[in-house]
Amino acid sequence: MNKRNRGLLLFASVIAATAAFLVMPAVSYAQSEPDEVAPAPARDRMKIPTIPGVPRLTVANAKGGIAHMMPNVQTADRIKRAVAAAGFANAAGPLYYHAGGSIMTPGLQIYTIFWVPATLQDGSAASMSNTYKTVQNNLAKYFAGHALTSIHSQYYQIIGGVKTYINGLGKDQTDSLGGTAYAANAFPARDSVNCPPSPNCLTDAQIEAQIHKVMNLKGWTGGMNKIFLLYTPEGMESCYDTNNCSTNIFCAYHSYFYVNGKAIIYGNEPYATPNGCQDGGPSPNGDAAADSAASIASHEISEAMTDPLLDAWYATSGDENGDLCAWDFGTLTWKRGTANQMWAGHYFRLQQEYSNHQARCKLVGP
């Protein structure tokens, strides 16, 4: 074989190998997609066995509600160590689709509500920095248009025999802030029975009532493409029930309720305090609480997108996509190693989200 023919053969081999490499991801994605499992109403998750000493992240309360918690730093570490010691099957993924469960539909809209009256329940001053509010609004505005969010495009629902993936993200949507409200009405009196651990504490019923009140005042309506995030000032704790409070278990949670047949998907976002809801990492915006709150909100939005009614995507342990990557920020490549996201000139340090396709935590979608 002459030199020219050998060169052509080598070139053809390279092209063939390159083509094979380019199609491999699609094959591996199909192989890695887990089987669907039997229908599971949200409350069926309460039947998942727990590891001794590890709190449930999906909890039900006496009024019939159900919510999913984001563990604080200490709780997340305790869960990881206990899960590893117990050898809990598939605790680190994958996520499974539970037949009949719902995802958030296209056209994501994030509504921010900052409830900051003059005082807390005990009469002490209530405050929240302008930076805190700005960072949360920037997160909501640009969330749908970037790579982190595209991770969720692999997840779907099957309703009435129709398979629908989460979409309408990336370049298709560059503004996901549906609206914002600054509420200054006084906090209700503390419920000492259902909210026991702090002199300043809101129950889930009070949180839902405030969201509904603001929606009525603003003319906002519910729907499966909308999530309402309620932010409260430093010093204001909250409890989903008497055992699950921001003082000891969670940094935030997502849940839902219905008004006139429409789902109101919401996130309770207490102030990100340094005693459990900040990890001590760098702060790209010079406000550790604001930057931590943004990552916590990103966690809740991501989980709500894939599991808004708590009946769709979760692991055998009951964990959702955000839980599997809680407090894991990956590589910080922006703003001198303080951020991992740069959206329209705004910097964030956001936790990674779980990708079934790559079987690990990622900052960029498939």
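Predicted model, so just to flag it, every value in this text is computed and none were measured.

Conventions and cut-offs
- Residues numbered from 1 in each chain as written.
- Predicted model: local features only at pLDDT ≥ 70, side-chain atom pairs only at ≥ 80, totals over all residues.
- Heavy atoms only, no water.
- Phe/Tyr/Trp six-rings, centres within 6.5 Å; stacked < 30°, edge-to-face > 60°.
- Helix = DSSP H or I, 4+ residues; strand = E, 2+ residues; numbered from the N terminus.
- Lys NZ or Arg CZ within 6 Å of the ring centre and 35° of its normal.
- Disulfide = S-S within 2.5 Å.
- Buried < 20%, exposed > 50% of the residue type's maximum accessible area, 1.4 Å probe, protein only.
- Expected span 1.5 Å × (residues − 1).
- Pairing = 2+ DSSP bridges.
- pLDDT = per-residue confidence, 0-100.
- Contact = heavy atoms within 4.5 Å.
- Salt bridge = Lys/Arg side-chain N within 4 Å of Asp/Glu carboxyl O.

Description of the packing of aromatic side chains
Working step 1: For the coordinates displayed, the defined rule picks out 20 aromatic pairs.
Working step 2: Arranged with centres 5.1 Å apart and planes meeting at 75°, the rings of Tyr 240 and Tyr 253 form a pair that is edge-to-face. Of the two residues, Tyr 240 sits in strand E10 (residues 237-241) while Tyr 253 sits in strand E12 (residues 250-259), which places them 13 residues apart along the sequence.
Working step 3: Following the ring pairs from residue to residue traces out a cluster consisting of Tyr 97, Tyr 155, Tyr 156, Tyr 165 and Trp 313.
Working step 4: Seen from the ring of Tyr 156, Lys 163 lies directly overhead, with NZ or CZ sitting 4.2 Å from the centre.

Description of the state of the cysteines
Working step 1: Tallied over the full model, the rule gives four disulfides.
Working step 2: Each sulfur in the disulfide pair Cys 239 and Cys 245 lies 2.0 Å from the other. Negative torsions about the S-S bond denote left-handed disulfides, and the value of about 105° found for Cys 239 with Cys 245 makes this one right-handed. Grouping residues by exposure puts Cys 239 and Cys 245 together as buried.
Working step 3: Across the disulfide from Cys 325 sits Cys 361; the S-S distance is 2.1 Å. Residues Cys 325 and Cys 361 are joined through a disulfide that is left-handed, its torsion about the S-S bond being -100°. Here the residue Cys 325 occupies a position in the loop between strand E14 (313-314) and strand E15 (341-343), and Cys 361 occupies one in strand E18 (residues 360-362), the gap between them amounting to 36 residues.
Working step 4: Judged by its relative accessible area of 1%, Cys 325 falls in the buried class.
Working step 5: Should the bonded cysteines of the protein be numbered as they appear in the sequence, the pairing reads 1-2, 3-4, 5-6, 7-8.

Focus on helix H5 (residues 204-218)
Working step 1: The end-to-end C-alpha separation of H5 is 21 Å, in line with the 21 Å expected for 15 residues at 1.5 Å each.
Working step 2: Every buried residue of H5 is listed here: Asp 204, Gln 206, Ile 207, Glu 208, Gln 210, Ile 211, Val 214 and Met 215.
Working step 3: Where H5 ends, the next residue or the one after it, Gly 219, has phi of about 75°, a positive value.

Structural notes on the pairing of strand E4 (residues 109-115)
Working step 1: Burial within E4 is extensive, with seven of its seven residues counted as buried.
Working step 2: Here E4 shows no split at all, with Gln 109, Tyr 111, Ile 113 and Trp 115 on one side and Ile 110, Thr 112 and Phe 114 on the other all buried.
Working step 3: The pairing of E4 with strand E9 (residues 226-231) spans six bridges and is parallel. Bridge pairing links Tyr 111 to Phe 228 in E9.
Working step 4: Pairing of E4 with strand E7 (residues 177-183) involves six bridges; the strand directions are parallel. Looking across to E7, one finds that Thr 112 is bridged to Thr 180.

Describing the confidence of the model for the protein
Working step 1: Per-residue confidence for the protein averages 87 on the pLDDT scale, and 87% of its residues sit at or above 70.
Working step 2: For residues 1-32, every residue scores under 50 in pLDDT, and the model assigns this stretch seven contacts once sequence neighbours within four places are set aside.

Things to note about the pattern of salt bridges
Working step 1: According to the stated counting rule, one finds seven salt bridges in the structure shown.
Working step 2: Note that Asp 204 and Lys 63 form a salt bridge whose closest N and O atoms lie 3.2 Å from each other. Of this pair, Asp 204 sits in helix H5 while Lys 63 sits in the loop between strand E1 (58-60) and strand E2 (66-71), and the two are 141 residues apart along the sequence.
Working step 3: For Lys 63, a relative accessible area of 45% translates into the label partly exposed.
Working step 4: Residue Asp 279 pairs with Arg 349 through a salt bridge whose shortest N-O separation is 2.5 Å. Taken together, the positions of Asp 279 in the loop between strand E13 (262-269) and helix H6 (288-306) and Arg 349 in the loop between strand E16 (346-348) and strand E17 (353-355) put the pair 70 residues apart, joining distant regions of the chain.
Working step 5: Accessibility expressed as a relative area gives 7% for Arg 349, which makes it buried.
Working step 6: One network of salt bridges, in which partners are shared, links Arg 45, Asp 307 and Glu 320.

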